[in-house]
Amino acid sequence: QVQLVESGGRLVQPGGTLRLSCAASGFTVRFPIGWFRQAPVKDREFVSWIDLRNNKAYSASATGRFTITRDSTDDIVYLQMSSLRPEDTGLYYCAKFVRGNHIWPSAYDVWGHGTQVTVSS
């Protein structure tokens, strides 16, 4: 059974940094991978995306603060987040991209269970 597992979320103060990880079981992460987040009572929101050629995409909010990378050796995709703000709080998911527009959740077919990021003083 293919699964994605996110880790690295925790409580962090505004202005702080976090690195989230996305690891796969049952298959490699040698697919384009996207990161989304979902805050309470809000829709799931695109954050970042990386393909196999290391092309990358970011939301407007993430641009300049977040960096997505792929470690081919360990087969993990990372989301490095800096200058965190309270509005970055949410459950962060990684997902396996299939086709379509990478900003839409419908373009992905396998999702992890998420890792909670809370930005608060």
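Heads up: the structure comes first, above all this text.
Parameters at a glance
- Residues numbered from 1 in each chain as written.
- Predicted model: local features only at pLDDT ≥ 70, side-chain atom pairs only at ≥ 80, totals over all residues.
- Heavy atoms only, no water.
- Pairing = 2+ DSSP bridges.
- Helix = DSSP H or I, 4+ residues; strand = E, 2+ residues; numbered from the N terminus.
- Axes fitted to C-alpha atoms, helices over the stretch in contact; angles between N-to-C directions.
- Salt bridge = Lys/Arg side-chain N within 4 Å of Asp/Glu carboxyl O.
- Buried < 20%, exposed > 50% of the residue type's maximum accessible area, 1.4 Å probe, protein only.
- Core = buried A, V, L, I, M, F, W, Y, C linked by side-chain atoms within 4.5 Å.
- Contact = heavy atoms within 4.5 Å.

With that settled, the discussion passes to the sheet that holds strand S3 (residues 18-25). Pairing in this open sheet of four strands is antiparallel, and the strands run S1-S3-S8-S7 from one edge to the other. Looking along the sheet, the strands with just one partner apiece sit at the ends: strand S1 (3-7) and strand S7 (66-71). Going from strand to strand, the sheet's axes swing by 20° on average, the running direction of each strand aside. In this sheet, strand S8 (residues 76-81) lies alongside S3 in antiparallel orientation, the contact comprising six bridges. Bridge pairing links Cys22 to Val77 in S8.

This part takes up the pattern of salt bridges. For the structure on display, the rule yields four salt bridges. Between Arg37 and Glu45 there is a salt bridge, with the nearest N and O atoms lying 2.9 Å from each other. We classify Arg37 as buried; its relative accessible area is 6%. Take Glu45: its relative accessible area is 34%, and that puts it in the partly exposed class. The salt bridge involving Arg65 is made with Asp88; its shortest N-O contact spans 2.8 Å. Here Arg65, found in the loop between strand S6 (56-58) and S7, pairs with Asp88, found in the loop between S8 and strand S9 (90-97); they are 23 residues apart in sequence, far enough to count as distant. The same class applies to Arg65 as to Asp88, namely buried.

Here is a general trend for soluble globular proteins: nonpolar side chains tend to be buried in one another's company. Counting residues in each nonpolar core, the largest one holds 21 residues, and the members touching the most others are Trp35, Phe66, Leu79, Met81 and Tyr92. Looking at this core, the elements that each hand over two or more residues are S3, strand S4 (33-38), strand S5 (45-50), S7, S8, S9 and strand S11 (115-119). For Leu79, the residues in contact, after removing those within four places along its chain, are Leu18, Arg19, Leu20, Trp35, Val47, Ser48, Phe66, Thr67, Ile68 and Tyr92.

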